[in-house]
Amino acid sequence: TVKLIIDRRPVEVPKGTTILDAAKGMGIRIPTLCYMKLEDLHYENNPGACRICVVEIEGRRNLAPSCKTECTEGMVVRTHSPRVMNARKTVMELILSNHPAECLTCSSNGYCELQTIAHDLGIREIRYKGEMSTFQIDRSPSIVRNMNKCIMCRRCETMCNNIQTVGALTAVNRGFNAAVSTAFERDIAGSTCSYCGQCVSVCPVNALSGRNTQQPVLDAIADPDKIVIAQTAPAVRTALGRDFGFEPGTLVTGKMVSALRQLGFDYVFDTDFAADLTIMEEGTELLQRIGKYLNGDKKVKMPLMTSCCPGWVSFVEQHFPELRDNLSTAKSPQQMFGAIAKSYFAERLGVDRKRIVVVSIMPCLAKKYEASRPEFAVEGNPDVDISIYTRELARLIRYANINFTDLPDSDFDRPLGESTGAGVIFGTTGGVIEAACRTAYELYTKKPLPKLEFEELRGLEGIRSATIDFDGTPVKIGIAHGLGNARKLVEEVKNGTSPYHAIEIMACPGGCIGGGGQPFHQGRMEVLRKRAAALYQEDKNKTLRKSHENPYIQELYANYLGEPCGPRAHKLLHTHYFD
Ligand code: HC1
Ligand code: SF4
């Protein structure tokens, strides 16, 4: 260890600790823009580029970046001396000198780290005038890039290249035109981007943001001829409250439903219903594949890989097209919901599918892209018309002057609003496969599960595995979240060394709770832990916790779909993938 003094307080830290970390351990906040660390993900962006975190070290002529400087014995550090504060202000003014001053109209207004630091530093004028860059704004179905706002912190690049291993982003140009862009400065839609949205999650400014589709929602609600249906993804209810002052991980399911009604949706349904439906299809598919595999069928593709995460599906299509038949053919819950809403439910209402507008509220940016895929439309009419993300819903609630905090709880409409605990846990890493095991176990063994909670499948470790005993048949499960972790499991499948029967992958760290459309968690893993805990709590609170016990799912099969994986189910609820 080494002993030193920071802001007149003595401290002892392990050798190799940076001043930034030592100060953090003492509760001293040093602002950073480029530096970011997400411990559980082994993500660290530390280019030492922004110089906002400088500190003064007694006896040294130059100020030192605290993120890059290790503590040494006897060091005396000051984190906010007049010299430090002047330097920070100057650095900030230089960054602001070529940053568009559009705070009032910026969608990150109120959440921007640059804005917060400028405010904390009391910047009231920008003394320097830099040249503004003039990049075209790049709009894809999911992600919008405005490189004129890029401050070259490189967080997105580290996220995309090192953590997600997608490699879509790279630094381009020099001087005031320097920015993080795509290879050959292509549009993001023409790059290898999988739309996971994680770059958006770590962007401290608004250089990367989600595509905004709030207006079409308002237009649909205002159209008297349209029947507008909301479906809410499992993870949204654990995070939406954050934008209204609730603690991270507070479940706001009932308030969310009330808010959607006040916004004017005709029906408020739950994607969790469709998650139960996905389990019926995917669980059956898993059992069919395992059966064939155990019978020595060499053609069956094992392991089965989950397919509900569109960022992951796109990653397979782009980077591992030879493995696309390992993906479950079951559509994602978002898309199953849309397909059922515009067939079964439209028929129940006696209306044409074109009169129905399905709006999904998702924690995810890739869901916008998924909804726009042409195979999820009938004669050009999409199954899911508009997908908005959690932060967009929060904006709509504010736009409509709804007092979210004081809203009473209300319940989803029926039939497509009923769900079991299995549907709820989809939103966290490991939840989809746990839900599938609950149903597959009972269908396979014809016995009730001795214990509902599969603790061995839970947690935030990047790659996890477990063997589940299906009454004498061992079923081997692999789980990964984050595309870099996924890549490791997929490489094994490609090499023929994968030991698993089934693999669950979610593109975002944490699963959907950490989606690119959620309120920013700024790398605080405890926020993800609380969101996951909230979903497991909602599961516990439910009377029904296995998808096959959902009475409305049973009714849907009995009166409309027939058998799981049967012909009608196949037509409506399954898809195919591309290379
Ligand atoms: Fe997800 Fe899913 S869990 S993909 O993470 O399978 O987005 O929440 O809605 O479709 O149900 C997201 C979440 C979501 C789907 C479900
Ligand atoms: Fe990379 Fe994901 Fe961002 Fe695309 S959305 S650029 S894959 S981090």
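Residues numbered from 1 in each chain as written. Chains lettered and ligands numbered in written order. Predicted model: local features only at pLDDT ≥ 70, side-chain atom pairs only at ≥ 80, totals over all residues. Heavy atoms only, no water.

Colleague: I tried to follow the pairing of strand S21 (residues 473–481) on my own but got confused; where do I start?
Modeller: One face of the sheet, then the other: side chains in a regular strand alternate in exactly this way. Within S21, 7 of the 9 residues are buried, which leaves the element mostly enclosed by the surrounding structure. Count of turn residues in the strand S20 (residues 463–470)/S21 antiparallel hairpin: 2 residues, of which aspartate 471 carries a positive phi of about 55°. Sheet topology note: the S21/strand S22 (residues 502–506) ladder contains 5 bridges and is parallel. Bridge pairing in S22 links isoleucine 479 to glutamate 504. Between the parallel pair S21 and S22, the chain is carried across by helix H15 (residues 483–495), and the sense of this crossover is right-handed. (Buried < 20%, exposed > 50% of the residue type's maximum accessible area, 1.4 Å probe, protein only. Helix = DSSP H or I, 4+ residues; strand = E, 2+ residues; numbered from the N terminus. Pairing = 2+ DSSP bridges. Right-handed = clockwise from strand over helix to strand, strands pointing away.)

Colleague: Help me understand a nonpolar patch on the surface, please; the structure alone is not making it clear to me.
Modeller: Among the surface-exposed residues, Tyr293, Leu294 and Tyr444 lie close enough to one another that they form a single nonpolar patch of about 300 Å² accessible area. Inspection of the secondary structure assignment puts leucine 294 in helix H8 (residues 271–294). (Patch = residues over 30% accessible without salt bridge, like charges linked within 9 Å, V, L, I, M, F, W, Y side chains within 5 Å. Areas by Shrake-Rupley, 256 points an atom, 1.4 Å probe, with all protein chains shown as cover. Salt bridge = Lys/Arg side-chain N within 4 Å of Asp/Glu carboxyl O.)

Colleague: Can you walk me through the site of ligand 2 in this structure?
Modeller: In the region of ligand 2, the neighbouring residues are Ile143, Cys160, Val166, Leu169, Ile188, Cys193, Ser194, Tyr195, Cys196, Gly197 and Cys199. A per-class count over the shell around ligand 2 returns 9 nonpolar, 2 polar and no charged. (Near = heavy atom within 4 Å. Nonpolar A, V, L, I, M, F, W, Y, C, P; charged D, E, K, R; others polar.)

Colleague: Which parts of the structure should I look at to understand the environment of serine 343?
Modeller: Positionally, serine 343 belongs in helix H10 (residues 333–349). Distance in space between the C-alpha atoms of serine 343 and aspartate 383 is 9.3 Å, their sequence separation being 40 residues.

Colleague: Help me out: how do you make sense of the packing of aromatic side chains in this one?
Modeller: The geometry of an aromatic ring pair is captured by two quantities: the separation of the ring centres and the angle between the planes. For the structure shown, the criterion picks out 12 aromatic pairs. One aromatic cluster is present, formed by Tyr267, Phe269, Phe337 and Phe345 through successive ring pairs. Over the ring of tyrosine 536 we find arginine 458; its NZ or CZ atom is 3.9 Å from the centre of that ring. Against the face of tyrosine 560 rests arginine 568, its NZ or CZ located 3.9 Å from the ring centre. (Phe/Tyr/Trp six-rings, centres within 6.5 Å; stacked < 30°, edge-to-face > 60°. Lys NZ or Arg CZ within 6 Å of the ring centre and 35° of its normal.)

Colleague: Explanation requested: the state of the cysteines in the structure shown.
Modeller: Formally, a disulfide is one covalent bond, and it connects the sulfur atom of one cysteine to the sulfur atom of another. Inspection of the entire model under this criterion finds 0 disulfides. With no disulfide of its own, cysteine 50 lies closest to cysteine 34 among cysteine sulfurs, the gap being 3.7 Å. What makes cysteine 50 buried here is its relative accessible area of 13%. (Disulfide = S-S within 2.5 Å.)

From the geometry alone we can't say anything about function, so treat these as descriptive.
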